[in-house]
Amino acid sequence: MMTLRYSLLILAVGAWLAAMHISCTGESKQEKTPALPEDDIAKLAALPTEVPVPADNPSTPEKVALGRLLFFDPILSGHKDVACATCHHPEFGFAESLEVSIGVNGRGTGSNRDFSTLGDIPFVKRNSQTILNAAFNGLTLTGSTDASNAPMFWDIRAKGLENQSLEPIKSFEEMRGHRYVKEAALDSVVNRLKKIAEYRHLFQEAFSTSDAINSQNLSRAIAAYERTLVGGNSRFDQYMRGDRSALSINEIDGMQVFLKSGCAKCHNGPMLSDYKVHALGVPDNEKLTQSDAGVDNQYKFRTPSLRNLRFTAPYMHSGKLKTLEQVLEFYEDLAGDKIRNPLVGKPQIDPIIELLKVDFKDISLIVEFLNTLNDDQFDRTIPKRVPSGLPVGGNLN
């Protein structure tokens, strides 16, 4: 009996000493975390904790509250059936799940959205980009960005959230429809708002003047609200801010492969975008009546952010790639000179692609890393009603 107890005691002490050795030396295989070279990881960065704001549009609670109501109010659309939130809904990470959007004359949400009646209003030209973190557009490794000059849209046709917010109101297939011509869209919407007593009061409260309803203040209110739509505390951000336990070994391996594959040549900085335009030969969407030739008819489109991709599928400007795996397979093909768009020749493809080396065996690891860029703690608040009395968010049912 004494021999058995003595043997058990020896085993217990041995196990304790082994545990202490692992704890003190950190040599446990499960706990050992690979380190990334500083010159590689320097290509990436966490988001700032403060959102850049233009000097002429400081944020106030009144302005943000007004902007939220306007964002969800179909009064801004020609036929009063579409709101900003129709194609940028909280349920879909302020994007939507369609390849290309259905604006005017549409009904339903997500994959269930379709045209109410067959007519001459087409699909929106491109995939709906998320507004989440759009307040940081233009932020690169070089530092801060001018919020009033931040690049917007797939073709950078507008600068700053204020200018961006007015473009869909003037667009025929997005919000305007047949009700009025493009040149009259903003004045028509402003006149509608002026007739609603609640909006007259809210604009006065937000801008401290009795005659505050105009297109400039309309854009300022919507932009102020959009700057509150931030998801900047992902596990990737936590890791980059010093919490080395925020990512798993596989996720860190995925980051390493992401960097070595050359993905960070374009997808770098806090938003994982260089905010430049590149020609990649992305396939067109067959729902459109003509090919989308992008910037300067050169099939160039702006590099999208890689943040919150879990909420914003499908991907690319045409929405033709449904999963992250398909996106990476597209780049693998492109690195091997396989161009998916027959209208784009090899001389048109951005030379930076020659530096891209995506290997099929690494795709799952890269996807694991990309999933660390998701942050679901963003504001999903939807107003219970809007001052116009119209359905909140447009015809979503």
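Preceding this paragraph is the structure being described.
Caption draft 1: How the structure looks around the packing of helix α5 (residues 161-170) against helix α7 (residues 185-194). Packing of α5 against α7 brings their axes to within 9 Å, and their N-to-C directions diverge by 95°. Between α5 and α7, the crossing angle belongs to the class labelled roughly perpendicular. Of the residues in α7, those in contact with Leu-166, Ile-169 and Lys-170 of α5 are Ala-185, Leu-186 and Val-189. Taken together, the residues that form the contact of α5 with α7 break down as 5 nonpolar, no polar and 1 charged.

Caption draft 2: Here's a closer look at the environment of Thr-145. Note that Thr-145 resides in the loop between β2 (114-115) and β3 (151-152). A C-alpha to C-alpha distance of 9.6 Å links Thr-145 and Val-53, two positions 92 residues apart in sequence. Residues contacting Thr-145, with those up to four places away along its chain left out, are Pro-52, Asn-137, Gly-138 and Leu-139.

Caption draft 3: Layout of the packing of aromatic side chains. Under the counting rule described, the total for this entry stands at 11 aromatic pairs. Summarising the aromatic geometry, the rings of Phe-258 and Phe-369 are spaced 5.1 Å apart at their centres and angled 55° between planes, so their arrangement reads as tilted. Here the residue Phe-258 occupies a position in helix α11 (residues 249-260), and Phe-369 occupies one in helix α13 (residues 363-370), the gap between them amounting to 111 residues. Judged by its relative accessible area of 0%, Phe-369 is buried. Look at Phe-330 and Tyr-331: their rings are 5.3 Å apart centre to centre, the planes differ by 75°, and that puts the pair in the edge-to-face class. Just as Phe-330 is buried, Tyr-331 falls in that class too. Taken together, the aromatic side chains of Phe-71, Phe-72, Phe-94, Tyr-225, Phe-311 and Phe-378 make up a single cluster linked through ring pairs.

Caption draft 4: Local environment of the nonpolar core. Ranked by size, the top nonpolar core spans 49 residues in total, and within it Leu-70, Phe-71, Leu-76, Leu-193, Tyr-199, Phe-203 and Leu-218 carry the most contacts. Discounting residues that sit within four places of it in the chain, Leu-218 has contacts with Leu-70, Leu-76, Leu-166, Ile-169, Val-189, Leu-193 and Phe-203. Membership of the second largest hydrophobic core comes to 40 residues, among which are Ile-41, Cys-263, Val-327 and Leu-334.

Caption draft 5: Representation of helix α8 (residues 197-207) in the model. Every buried residue of α8 is accounted for by Tyr-199, Phe-203, Ala-206 and Phe-207. Down the axis of α8, the buried side of the element spans an arc of 75°, and every buried residue falls inside it. Residue Ser-208 follows α8 closely and has a positive phi angle near 55°.

Caption draft 6: Structural view of the side chain of Ser-318. With respect to the helices and strands, the residue Ser-318 is situated in the loop between β6 (300-302) and α12 (324-335). What makes Ser-318 buried here is its relative accessible area of 3%. Engagement of the side chain of Ser-318 in a polar contact is seen with the backbone oxygen of Pro-283, the distance being 2.7 Å. Among residues more than four places away in sequence, those in contact with Ser-318 are Glu-99, Val-100, Asn-127, Val-282, Pro-283, Asp-284 and Asn-285.

Thresholds applied
Residues numbered from 1 in each chain as written. Predicted model: local features only at pLDDT ≥ 70, side-chain atom pairs only at ≥ 80, totals over all residues. Heavy atoms only, no water. Axes fitted to C-alpha atoms, helices over the stretch in contact; angles between N-to-C directions. Helix = DSSP H or I, 4+ residues; strand = E, 2+ residues; numbered from the N terminus. Parallel < 35°, antiparallel > 145°, perpendicular 65-115°, else oblique. Contact = heavy atoms within 4.5 Å. Nonpolar A, V, L, I, M, F, W, Y, C, P; charged D, E, K, R; others polar. Phe/Tyr/Trp six-rings, centres within 6.5 Å; stacked < 30°, edge-to-face > 60°. Buried < 20%, exposed > 50% of the residue type's maximum accessible area, 1.4 Å probe, protein only. Core = buried A, V, L, I, M, F, W, Y, C linked by side-chain atoms within 4.5 Å. Arc of directions from axis to C-beta. Polar contact = N/O pair within 3.5 Å; in protein donor to acceptor, adjacent residues only side chain to side chain.

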